[in-house]
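Each chain is listed here by its residues.
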Amino acid sequence: MSDTYEILALKYAENDRPASQNFIGGDPHDRSMPLDYFVWVIRNQARTIVVDTGFNPVSGERRARTLTTPVNVALAAVGIDGADIEHVITTHMHYDHAGNNDMFPNACFHMQESEMQFATGPCMCHHLLNHPYEADDVAGMVKRVYAGKVSFSAGDSELFPGVSVHHIGGHSRGLQCVRVDTQRGPVVLASDASHLYAHLSSGRVFPTCDSVADTVFGYDRLMKLAGDVGHIVPGHDPEVMRRYPDFSPQTVGMVVKLDVDELPMG
Ligand SMILES: [Zn+2]
Ligand SMILES: [Zn+2]
């Protein structure tokens, strides 16, 4: 059996904001520069993996993010019931990546040791560092640890044939990206190692940041892992929905396919 995968990006929310909120040091052209919010699905005949679980609607509303499709509804639209999922990769535990864990009662969660240490250690005594986390999401993950349902990596790890995680840090201490073999070659889900294409292309950094240096070196790492900038998928860029083809006529504006080439620029 071939160990290449289909990859889907499921957009579940959005947030309009000025560009200055997306870069340390602001932006000289401070026009609107919205973010999209995604969960991702990696699947083939042998397995289905969900990457990140989105924010729960209560924490999203408190943070004034616009929920466009509840995560369970988006998953159902591509034929997935969370109860059937055996593996979730958590890129990092920020509120918009690690909510809704109860949607996946039977899953093993795969994350970096350093993310758990960061999210439960002394840095979380400081609002500046803890504000992207929800204590309830982190506590839920701790309960999973005690239930034997979390698998930790420290650095790089091939979780399944053709699916590997790679520690990058930078944005959060234990952030990992996901590299997936597909019919078009490797595709790297950057998650928040690069929120937008603009971060990668201009070497600038998103304001939520544990280490500027690790973030910038992370861009080089993403490039090495992907081999080509067109094989890197940023974590929050609305451009992803325009660059890639729709999954189906029923999911226009909600789900695109990342395992196929980008659409020709039109
Ligand atoms: Zn984040
Ligand atoms: Zn994020």
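Computed from a predicted structure; not experimentally measured. (Residues numbered from 1 in each chain as written. Chains lettered and ligands numbered in written order. Predicted model: local features only at pLDDT ≥ 70, side-chain atom pairs only at ≥ 80, totals over all residues. Heavy atoms only, no water.)

Peer 1: Which residues make up the coordination of the zinc ion (ligand 2), and what values do they have?
Peer 2: Octahedral metal centres with six donors ideally show angles of 90 or 180 degrees, and tetrahedral centres with four donors ideally show 109.5 degrees. Here the zinc ion (ligand 2) is held by Asp96 (OD), His97 (NE2), Asp192 (OD) and His236 (NE2), and the distances to it run 2.1 to 2.3 Å. Mapped onto the sequence, the residues coordinating the zinc ion (ligand 2) show the spacing D-H-x94-D-x43-H. (Donors = N, O, S within 2.8 Å, 3.2 Å for Na, K, Ca; no water.)

Peer 1: Which residues make up the packing of aromatic side chains, and what are the values?
Peer 2: The tally for this structure, following the rule as stated, stands at 6 aromatic pairs. Ring geometry for phenylalanine 55 against tyrosine 95: centres 6.0 Å apart, planes inclined by 20°, an arrangement best described as stacked. Of the two residues, phenylalanine 55 sits in the loop between β3 (48-51) and α1 (57-62) while tyrosine 95 sits in helix α3 (residues 95-98), which places them 40 residues apart along the sequence. Like tyrosine 95, phenylalanine 55 is buried. These aromatic residues form a ring-pair network of at least three members: Tyr12, Tyr37, Phe55 and Tyr95. A cation over a ring is seen here: arginine 63 above tyrosine 95, with NZ or CZ 4.0 Å from the ring centre. The ring of tyrosine 197 carries the charged tip of arginine 243 above its face, separated from the ring centre by 3.7 Å. (Phe/Tyr/Trp six-rings, centres within 6.5 Å; stacked < 30°, edge-to-face > 60°. Helix = DSSP H or I, 4+ residues; strand = E, 2+ residues; numbered from the N terminus. Buried < 20%, exposed > 50% of the residue type's maximum accessible area, 1.4 Å probe, protein only. Lys NZ or Arg CZ within 6 Å of the ring centre and 35° of its normal.)

Peer 1: So what's going on with the layout of surface pockets? Which residues, and what values?
Peer 2: Taken as a whole, the largest pocket encloses approximately 290 Å³ of empty space. As for the largest pocket, its lining consists of 18 residues, of which Arg17, Arg65, His131, Phe206 and Thr208 are closest to the centre. Only β2 (35-43) and α3 provide two or more residues apiece to the lining of the largest pocket. Of the residues belonging to the lining of the largest pocket, the class tally is 6 nonpolar, 7 polar and 5 charged. (1 Å grid on protein atoms, 1.4 Å probe; cavity = no way out; pocket = protein on both sides within 12 Å on 5 of 7 lines; lining within 4 Å. Points joined across faces, edges and corners; volume = space filled by probe spheres on them. Nonpolar A, V, L, I, M, F, W, Y, C, P; charged D, E, K, R; others polar.)

Peer 1: Go over the coordination of the zinc ion (ligand 1) with me, naming the residues and quoting the values.
Peer 2: The protein atoms that coordinate the zinc ion (ligand 1) are His92 (NE2), His94 (ND1), His171 (NE2) and Asp192 (OD), at distances spanning 2.1 to 2.2 Å. Each of the 4 donor atoms bound to the zinc ion (ligand 1) contributes to angles spanning 88 to 175°, and the resulting shape is irregular. Along the chain, the residues donating to the zinc ion (ligand 1) fall in the pattern H-x1-H-x76-H-x20-D. The zinc ion (ligand 2) is placed at 3.5 Å from the zinc ion (ligand 1), the two being bridged by aspartate 192. On the basis of relative accessibility, which here comes to 0%, the residue histidine 92 falls in the buried class. (Tetrahedral: all angles 85-135°; square planar, octahedral: opposite > 155°, others 65-115°.)

Peer 1: An account of the sheet that holds strand β10 (residues 176-182) is needed here, citing residue identities and associated values.
Peer 2: Pairing is mixed in the open sheet, where 5 strands are placed in the order β8-β9-β10-β11-β12. Each of the sheet's edge strands pairs with one partner strand only, and the pair in question is β8 (156-160) and β12 (232-234). In this sheet, adjacent strand axes meet at a mean angle of 25° when their direction is disregarded. Where β10 and strand β11 (residues 185-191) come together, 5 bridges link them in antiparallel fashion. (Pairing = 2+ DSSP bridges. Axes fitted to C-alpha atoms, helices over the stretch in contact; angles between N-to-C directions.)

Peer 1: I'd love a proper account of the pairing of β8, names of residues and values included.
Peer 2: Consecutive side chains along a regular strand alternate between the two faces of the sheet. Relative to strand β9 (residues 163-167), β8 runs antiparallel, the two sharing 4 bridges. The residue bridging serine 157 from the neighbouring strand is valine 165, located in β9. Between β8 and the antiparallel strand that follows it, β9, lie 2 residues; glycine 162 among them carries a positive phi value of about 85°.

Peer 1: I'd like to hear about the environment of serine 248, residue by residue, with values.
Peer 2: Among the structural elements, serine 248 can be located in the loop between α9 (239-243) and β13 (255-257). Spatially, the C-alpha atom of serine 248 lies 9.5 Å from that of alanine 77, the residues being 171 residues apart in sequence.

Peer 1: So what's going on with a nonpolar patch on the surface? Which residues, and what values?
Peer 2: There is a patch of nonpolar side chains on the surface, built from Ile24, Val212 and Val216 and spanning about 220 Å² of accessible area. With a relative accessible area of 43%, isoleucine 24 lands in the partly exposed category. (Patch = residues over 30% accessible without salt bridge, like charges linked within 9 Å, V, L, I, M, F, W, Y side chains within 5 Å. Areas by Shrake-Rupley, 256 points an atom, 1.4 Å probe, with all protein chains shown as cover. Salt bridge = Lys/Arg side-chain N within 4 Å of Asp/Glu carboxyl O.)

Peer 1: Quick one: what's the story with the environment of histidine 171, residue by residue and with numbers?
Peer 2: Tracing the backbone through its elements, the reader meets histidine 171 in the loop between β9 and β10. Once you skip the residues sitting within four places of it in the chain, histidine 171 turns out to touch His92, His94, Asp192, His195, Phe206, Thr208, Cys209, Asp210 and Thr215. Within the structure, histidine 171 has its side chain in polar contact with the side chain of histidine 94 (distance 3.0 Å). (Contact = heavy atoms within 4.5 Å. Polar contact = N/O pair within 3.5 Å; in protein donor to acceptor, adjacent residues only side chain to side chain.)

Peer 1: Any details on the environment of threonine 90? Residues and values, ideally.
Peer 2: In this structure, threonine 90 sits in the loop between β5 (87-89) and α3. With 35 residues separating them in the primary sequence, threonine 90 and cysteine 125 have C-alpha atoms 22 Å apart.

Peer 1: Before we move on, can you summarise unusual backbone geometry with the specific residues and values?
Peer 2: Phi is positive for asparagine 100, close to 60°, though the residue is something other than glycine. Relative to the elements of secondary structure, asparagine 100 occurs in the loop between α3 and β6 (108-112).

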